[in-house]
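# Survey of secondary and tertiary structure
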Amino acid sequence: MKKTQEKNETLILQIFITVVALLFGGFYEFVSCLATIGFGVYLFWITHRRKEICLFWNSGIILAIVLLVCHGLAVLWAVDSGMAFLGFLKFMPIVLFVLILMQFTEEERNRLLLSVPVSGIIIIAIGILFYWVLAVREHFFMAGRFGGTFQYSNTMALYFLAGIVVIQNKITFSIKTAAGTVVLLLGILMTGSRSVFVMTVFLMAIEAWKNRGYRLLNVGLLTVSVVGGGIYGAVTGNFQNFGRFLTISLENSTFIGRLLYWRDAFWLILRHPMGNGYMGYYYSQGQIQTGVYSTVFVHNDFLQIVLDVGWIPAILAAGVLIKHIFFTKIDVTAKMILFLIGVHSLLDFDMQFLSICLLFFMVLEYNGGEGCQVKAQVKRAVYGITAAGVAISLYFLFPLVSFYRGEYELARKLYPYYTEAELVLLQEAQTKEEGETLADSILKRNQNAALAYDAKALACAMEEDFEGMVQYKEMAVKNNPYAIYEYVDYVSLLSRAVEYYSEKNDVKIAKVYVNQILELPDRLEDMKKRTSELGWRIKDQPELVLPKEVEDYISNLQ
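Here we summarise the structure given alongside this text. (Residues numbered from 1 in each chain as written. Predicted model: local features only at pLDDT ≥ 70, side-chain atom pairs only at ≥ 80, totals over all residues. Heavy atoms only, no water.)

### Describing the overall build of the chain
- Tallying secondary structure elements over the chain gives 26 helices and four strands in all.
- For the C-alpha atoms alone, the extent of the chain along its principal axes is close to 95 × 65 × 45 Å.
- Scored against the burial criterion, the 558 residues of the chain give a buried share of 53%.
- Pairs at least 24 residues apart make up 71% of the contacts formed inside the chain by residues separated by at least 6 positions. (Helix = DSSP H or I, 4+ residues; strand = E, 2+ residues; numbered from the N terminus. Buried < 20%, exposed > 50% of the residue type's maximum accessible area, 1.4 Å probe, protein only. Contact = heavy atoms within 4.5 Å.)

As structure tokens, this is what we get:
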């Protein structure tokens, strides 16, 4: 009876984990809110059913709490406090998940891992099915690559590879496990992820060496994958998926781009060692970038933690990872999964997906820490904090879902500090007053929003406040320095000032604005000099040449 109860408890949690994977891998904040609600209710249910709650102080729960608390504290000094709070919501379900894991034995936690290959196979089946439905294909395939429900090929491939590791280490070889391996490998090839393919070859080769049951299967599959991918690429000329591993190169623009992100982010880290808050890097990159790019994440999870919440959580995360791989007695499956996540996280933003975070914490060791007798007041505190987290997530679920559905005005009404919603509304603003109101609201908490400065500059120009116009436009250019349209728009606004003062016969002030126009070509040359060597080696090159009609206008001013 007890065994049946335990299996039912783990089955429900397996379903939760699968649902998160199906819901975009938990990438969006609203999925984290759903997970917090689900895990909170589950924690109440399981501890009430078992009539006890188990708590252990160990590196897993400490890391989960530190990440959550630091995301909360970062709101105080974040680049954008409104968006930084969403980072707090995003990491909230991890603490509840770890609390749930501490209620299970190692055997039960190992059973949870089976949800990874199962959900991976379901995702691949859904993707193949919807490939033939043009209306929804784009939600699963991006630029010819399979992104699955994660809608991001590289992390989706990592999830599939983790599924192969679980199958080949937790389940004895059979026709079913062989079929599961084939499907998951097919999914990896469909994603076209080069880094994951390299890790797949490495890990499947290790499995073939140490596991006789899977030896013939792995050797055969790797041979077919390499040869088949080569033939497919040669015949079709398409290297976006099955044959993409053939384009691996250290000179590849994608890899060089990552080096560029890291190089530029280094200076931001030096300026803000306590982090910039969730999304802070994205809003700040215009001030430090030395190449043409716009990326929400720095494509390195450890650097991302430093950029968001500072050095301490990042060092702790790296320490927990290294400790469990090299110094903690956990099974080989856990070590391999941690190794996969650790290596791939150096090149991508895997931990922004809740599914990968759950997988990471799922394989940590929990019963080796210092246990404690849970007193009644401690139990009430845990329940109280959990209830508060569920209540907060339940409320924020509505603005977050509204934003995802494109209901930006509703999202803003429900959460007045939702900068991303306000930026969309600002782009759609129909009147000067509406645009200025939105811009003022954004700039109260985010001094790096170029679009808001553009709106303020235009409003000032319309009110003939040209000093204010210049002030705001300078900030817009500072935060979006590689966008040529900013400079074209600047010329247009400055020309208004020249015409205004020329009509008033105020030649002296008109000359000031003429000189500012004449300086813009030199500023574009300065941007070319600012561009780093890496910035000139990526695919997106700086386009810092004004249109011919603008150049002619400037020439006529000289």
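### Section: the pattern of salt bridges
- For the structure shown, the criterion picks out 24 salt bridges.
- For Arg-111, the salt bridge identified is with Glu-107, shortest N-O distance 3.6 Å. Within this pair, Arg-111 and its partner Glu-107 are both found in helix α5 (residues 106-112), separated by four residues, close to a single helical turn.
- According to the relative accessible area criterion, Glu-107 is partly exposed, its value standing at 48%.
- Asp-454 serves as the salt-bridge partner of Lys-473, at 2.6 Å between the closest nitrogen and oxygen. Highlighted residues: Lys-473 in helix α23 (residues 466-479) and Asp-454 in helix α22 (residues 450-462), separated in sequence by 19 residues.
- Relative accessible area serves as the criterion here: at 14%, Asp-454 is assigned to the buried category. (Salt bridge = Lys/Arg side-chain N within 4 Å of Asp/Glu carboxyl O.)

### Overview of the packing of α22 against helix α24 (residues 484-503)
- Relative to each other, α22 and α24 sit at 15 degrees, their axes nearing to 10 Å. It follows from the interaxial angle that α22 and α24 lie roughly parallel. Taken as a pair, α22 and α24 cross one another with a handedness that is left-handed. From α22, Ala-450, Asp-454, Ala-457, Leu-458, Ala-461 and Met-462 reach across to α24, where they touch Glu-486, Asp-489, Leu-493 and Arg-496.
- Its residues assigned to classes, the contact of α22 with α24 comprises six nonpolar, no polar and four charged. (Axes fitted to C-alpha atoms, helices over the stretch in contact; angles between N-to-C directions. Parallel < 35°, antiparallel > 145°, perpendicular 65-115°, else oblique. Left-handed = near helix turned anticlockwise from the far one by under 90°. Nonpolar A, V, L, I, M, F, W, Y, C, P; charged D, E, K, R; others polar.)

### Here's the deal with the environment of Arg-50
- Checked against the element boundaries, Arg-50 lands in helix α2 (residues 29-50).
- Here the alpha-carbon distance between Arg-50 and Gln-5, two residues 45 residues apart in the chain, equals 10.0 Å.
- Ignoring any residue separated from it by four or fewer positions in sequence, one finds Arg-50 in contact with Gln-5, Glu-9, Gln-103, Phe-104 and Glu-108.
- Of the polar contacts made by the side chain of Arg-50, one reaches the side chain of Glu-9; its length is 2.5 Å. (Polar contact = N/O pair within 3.5 Å; in protein donor to acceptor, adjacent residues only side chain to side chain.)

### A short note on the packing of helix α12 (residues 253-271) against helix α14 (residues 301-309)
- Packing of α12 against α14 leaves a shortest axis separation of 10 Å and a crossing angle of 30 degrees. Compared by their axis directions, α12 and α14 come out roughly parallel. Regarding α12 and α14, the two cross each other, and that crossing is left-handed. Across the interface between the two elements, Trp-262, Ala-265, Leu-268 and Ile-269 from α12 touch Leu-303, Val-306 and Leu-307 from α14.

### Some remarks on the nonpolar core
- Of all hydrophobic cores here, the largest spans 142 residues; its most connected members are Leu-13, Leu-99, Phe-360 and Phe-361.
- Looking at this core, the element that brings in the most residues is helix α4 (residues 81-101), giving 14 residues.
- In this structure, Leu-13 is in contact with Phe-39, Tyr-42, Phe-97, Ile-100, Phe-104 and Leu-112, ignoring residues within four places of it in sequence.
- In this structure, Tyr-490, Tyr-501, Met-527 and Leu-546 belong to the second largest nonpolar core, which totals 27 residues. (Core = buried A, V, L, I, M, F, W, Y, C linked by side-chain atoms within 4.5 Å.)

### Structural notes on a nonpolar patch on the surface
- Residues Trp-57, Ile-62, Ile-65, Val-69, Leu-73, Leu-76, Trp-77 and Met-274 make up a contiguous nonpolar surface patch of about 780 Å² in total accessible area.
- Counting residues per element, the nonpolar patch draws most heavily on helix α3 (residues 59-73), at four residues.
- Here Trp-77 is to be found in the loop between α3 and α4.
- Using a relative accessible area of 38% as the deciding quantity, one classes Trp-77 as partly exposed. (Patch = residues over 30% accessible without salt bridge, like charges linked within 9 Å, V, L, I, M, F, W, Y side chains within 5 Å. Areas by Shrake-Rupley, 256 points an atom, 1.4 Å probe, with all protein chains shown as cover.)

### A short note on α3
- An ideal rise of 1.5 Å per residue puts 21 Å on 15 residues; α3 measures up with 21 Å between its terminal C-alpha atoms.
- What α3 keeps buried is the set Ser-59, Gly-60, Ile-61, Leu-63, Ala-64, Leu-67, Leu-68, Cys-70 and His-71.
- Residues of α3 that are buried sit in contact with β1 (56-57), α4, α14, α15 (311-327) and α17 (354-362). (Expected span 1.5 Å × (residues − 1).)

### Focus: the side chain of Glu-422
- Mapping Glu-422 onto the fold places it in helix α20 (residues 419-427).
- Taking relative accessible area as the criterion, Glu-422 reaches 0% and is therefore assigned buried.
- Once residues lying within four places of it in the same chain are set aside, the contact partners of Glu-422 are Arg-412, Pro-416, Leu-438, Ser-441, Ile-442 and Arg-445.

### Observations regarding the packing of aromatic side chains
- Scanning the model with the defined rule gives 47 aromatic pairs in all.
- Looking at Lys-90, its charged tip hangs above the ring of Phe-27, at a distance of 4.7 Å from the centre.
- Over the face of the ring belonging to Tyr-131 we find Arg-137, whose NZ or CZ atom lies 4.2 Å from the ring centre. (Phe/Tyr/Trp six-rings, centres within 6.5 Å; stacked < 30°, edge-to-face > 60°. Lys NZ or Arg CZ within 6 Å of the ring centre and 35° of its normal.)

### Quick word on helix α18 (residues 376-404)
- Taking 1.5 Å as the rise per residue, α18 with 29 residues should run 42 Å; its terminal C-alpha atoms sit 41 Å apart, in good agreement.
- Where α18 bends most, the angle comes to about 30 degrees, and this point is Leu-397, followed within four residues by the proline Pro-399.
- Where α18 is buried, its residues meet α2, α4 and α19 (408-414).
- Gly-406, located one to two residues past α18, shows a positive phi value of around 85 degrees. (Bend = angle between axes of the 7 residues up to and from the residue.)

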